[in-house]
Amino acid sequence: TQLLEQSPQFLSIQEGENLTVYCNSSSVFSSLQWYRQEPGEGPVLLVTVVTGGEVKKLKRLTFQFGDARKDSSLHITAAQPGDTGLYLCAGSNQAGTALIFGKGTTLSVSS
Amino acid sequence: EAGVAQSPRYKIIEKRQSVAFWCNPISGHATLYWYQQILGQGPKLLIQFQNNGVVDDSQLPKDRFSAERLKGVDSTLKIQPAKLEDSAVYLCASSLFAGSGTGKETQYFGPGTRLLVL
């Protein structure tokens, strides 16, 4: 069974701080996706990474896929209150029929 | 473009009662997914449809859960009878086509139905 472990589970920071969220697995994934979920809403896709070592930037968010495609990280620079939410990583395997989600990291950014 | 629609948004029932959820995917999306998200956890796939056929229902508790997508468009998920541990958010998602392992397909999620079983 493929599992994705996210850390930390909870993160509470002040506006302007930097943070990194990790997504790790003992299994290789063909791709990893990062979602953000706000209370009362469904997850919204932020980025998909498919190549080992790939780095993608989305404004203040930087996503990295590990060289071995077993792990990924999300780095937020100068966090803002609008970044508050549940960040989920999800992996796709070669069969590609289902996403396997981690438990998520709940981020709270206070002003 | 309209997103994935789900109803109802909230439902409170007593254990052993039955409940049904409805999902209308994005127009033209062949693949439809139902996920269960328990508080504090990530979504877990219950069932995946490709058009009106089931692709993966390996994690669907078939003794109490059922789902259908008769015309290959909208879908219903039913729980009968409900248990306390079924309290969760039920998310519906759709994508243009099923995953190919390339990661290029994107799943779009609806707002979910929040179920509380008392």
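Predicted model, so just to flag it, every value in this text is computed and none were measured.

**Remarks on the confidence of the model for chain B**
And step 1. In this model, chain B carries an average pLDDT of 91, and 93% of its residues clear a pLDDT of 70 or more.
And step 2. Considering each helix and strand of chain B separately, the mean pLDDT is smallest for strand S6 (residues 53-56) of chain B, with a value of 90, and largest for strand S8 (residues 75-79) of chain B, with 98.

**Details of the pairing of strand S3 (residues 19-24) of chain B**
Residues and elements named next belong to chain B.
And step 1. Burial of the side chains of S3 is restricted to one face: Val-19, Phe-21 and Cys-23 are buried, whereas none of Ala-20, Trp-22 and Asn-24 on the reverse face is.
And step 2. Pairing between strand S1 (residues 5-7) and S3: 3 bridges, direction antiparallel. Across the sheet, the residue bridging to Gln-6 is Cys-23, located in S3.
And step 3. Sheet analysis places S3 next to S8, joined by 5 bridges and oriented antiparallel. Directly across from Trp-22, in S8, lies its bridge partner Thr-76.

**A short note on the packing of aromatic side chains**
And step 1. In total, this model carries 9 aromatic pairs over all chains according to the counting rule given.
And step 2. Seen from their ring centres, Trp-34 of chain A and Phe-63 of chain A are 6.4 Å apart, and the 45 degrees between their planes marks the pair as tilted. A residue pair is termed long-range when its members are at least 10 positions apart, and Trp-34 of chain A in strand S4 (residues 31-37) and Phe-63 of chain A in strand S7 (residues 61-65) qualify at 29 residues.
And step 3. One aromatic cluster is present, built from ring pairs that chain together Tyr-35 and Phe-101 of chain A together with Tyr-33, Tyr-35 and Phe-109 of chain B.

**Here we look at the pattern of salt bridges**
All names here are of chain B.
And step 1. Counted under the stated rule, the structure contains 5 salt bridges over all chains.
And step 2. In this structure, the salt-bridge partner of Arg-64 is Asp-86, at a minimum N-O distance of 2.5 Å. Of this pair, Arg-64 sits in the loop between S6 and strand S7 (65-68) while Asp-86 sits in the loop between S8 and strand S9 (88-95); the two residues are 22 residues apart in sequence, bridging distant segments of the chain. Take Arg-64 and Asp-86: they sit in the same class, and that class is buried.

Calculation rules
- Residues numbered from 1 in each chain as written.
- Chains lettered and ligands numbered in written order.
- Predicted model: local features only at pLDDT ≥ 70, side-chain atom pairs only at ≥ 80, totals over all residues.
- Heavy atoms only, no water.
- pLDDT = per-residue confidence, 0-100.
- Helix = DSSP H or I, 4+ residues; strand = E, 2+ residues; numbered from the N terminus.
- Buried < 20%, exposed > 50% of the residue type's maximum accessible area, 1.4 Å probe, protein only.
- Pairing = 2+ DSSP bridges.
- Phe/Tyr/Trp six-rings, centres within 6.5 Å; stacked < 30°, edge-to-face > 60°.
- Salt bridge = Lys/Arg side-chain N within 4 Å of Asp/Glu carboxyl O.

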